[in-house]
Amino acid sequence: EAGVTQFPSHSVIEKGQTVTLRCDPISGHDNLYWYRRVMGKEIKFLLHFVKESKQDESGMPNNRFLAERTGGTYSTLKVQPAELEDSGVYFCASSQDLITGGTQYFGPGTRLTVL
Amino acid sequence: DAKTTQPPSMDCAEGRAANLPCNHSTISGNEYVYWYRQIHSQGPQYIIHGLKNNETNEMASLIITEDRKSSTLILPHATLRDTAVYYCIVPRTTSGTYKYIFGTGTRLKVLA
């Protein structure tokens, strides 16, 4: 069984540009989460999808971040325009259980560098 | 606002058991305890989880105290590849979302 995959693995962009990160969850997992770790800080929750619906987006830092999960399969996280403080590693996770949440399985992450 | 408390770092000799403690004194009766680890900057890797009973899998054992206020992750024969940051997590549930609150974890260094 394939795990959670993320693309790209690394992205280097300039301040003001746009970047889109992609996450493919484990097949059949309805829950999809985005987290991120910025330099020197702890891993923080960003948002949670159940199928194609946003269940909780309380961790999204501001309106420069837009997450989508059309069709309830893969998800994208767009940052527009990117700022220096957006640099960090963005992780995606998925889980199966809709009742108890279940175990979250994480992808390898996308390392975003904003210059 | 992590619900768990872990020592910041520990050392363990290669081949010996590594015992990583975690306090979760505010845990509720139906909340699970999860353990993950992060090697370098890779994605967090699931290790084990439990509710009340002790659990064992191919990676580790989890011992949960009877009052459920603390737990210990045991790596029975630590290897150099077990050097990582270990996180003890009690998912925070809000509005149907089971979000993980990552604290600083325990940085385990396995020594040759």
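None of the values given here were measured: they were computed from a predicted structure. (Residues numbered from 1 in each chain as written. Chains lettered and ligands numbered in written order. Predicted model: local features only at pLDDT ≥ 70, side-chain atom pairs only at ≥ 80, totals over all residues. Heavy atoms only, no water.)

Attention now moves to the side chain of N31 of chain A. Residues and elements named next belong to chain A. Its location among the elements puts N31 in strand β4 (residues 31-38). On the accessibility criterion, N31 (3% relative accessible area) is buried. Within polar-contact distance, the side chain of N31 engages the side chain of H48 at 2.9 Å. (Helix = DSSP H or I, 4+ residues; strand = E, 2+ residues; numbered from the N terminus. Buried < 20%, exposed > 50% of the residue type's maximum accessible area, 1.4 Å probe, protein only. Polar contact = N/O pair within 3.5 Å; in protein donor to acceptor, adjacent residues only side chain to side chain.)

On to the environment of L112 of chain A. Residue and element names in this part refer to chain A. Residue position: L112 is located in strand β11 (residues 110-114). Residue class for L112 comes out buried when judged on its relative accessible area of 1%. Residues L112 and M39, spaced 73 residues apart in sequence, show a C-alpha to C-alpha distance of 11 Å.

This brings us to the pairing of strand β6 (residues 61-64) of chain B. Every regular strand shows the same layout, with side chains that alternate between the two sheet faces. Residue and element names in this part refer to chain B. Bridge count for strand β5 (residues 55-56) against β6 is two bridges, and the pairing is antiparallel. Note that in β6 the partner of T56 across the bridge is S61. Count of turn residues in the β5/β6 antiparallel hairpin: four residues. Where β6 folds back on strand β7 (residues 70-75), the antiparallel hairpin that results is connected by five residues, among which R68 adopts a positive phi of roughly 65°. (Pairing = 2+ DSSP bridges.)

Empty space left among the atoms is revealed by rolling a probe the size of a water molecule over them. In this structure, the largest pocket occupies an estimated 330 Å³ of space. As for the largest pocket, its lining consists of 17 residues, of which R37 of chain A together with V85, Y87, T104 and R107 of chain B are closest to the centre. Counting only elements with at least two residues in the lining of the largest pocket, the list comes to β8 (84-89) and β11 (106-111) of chain B. Here the lining of the largest pocket is built from residues that sort into six nonpolar, six polar and five charged. Roughly 240 Å³ of internal volume is contained in the second largest pocket. Along its surface, the second largest pocket is lined by 14 residues, and R37, M39, G88, V89 and R111 of chain A are the ones closest to its centre. Of all elements in the fold, only β4, β9 (88-95) and β11 of chain A reach the threshold of two or more residues within the lining of the second largest pocket. (1 Å grid on protein atoms, 1.4 Å probe; cavity = no way out; pocket = protein on both sides within 12 Å on 5 of 7 lines; lining within 4 Å. Points joined across faces, edges and corners; volume = space filled by probe spheres on them. Nonpolar A, V, L, I, M, F, W, Y, C, P; charged D, E, K, R; others polar.)

This brings us to the sheet that holds strand β1 (residues 5-7) of chain A. Residues and elements named next belong to chain A. Taken together, four strands build an open sheet; the order of strands is β1-β3-β8-β7 and the sheet is antiparallel. Looking at the sheet topology across the chains shown, the edges are occupied by β1 and β7 (65-68). If you compare each strand with its neighbour and ignore which way they point, the axes differ by 15° on average. The pairing of β1 with strand β3 (residues 19-24) spans three bridges and is antiparallel. Looking at the pairing, T5 lines up with D24 of β3. (Axes fitted to C-alpha atoms, helices over the stretch in contact; angles between N-to-C directions.)

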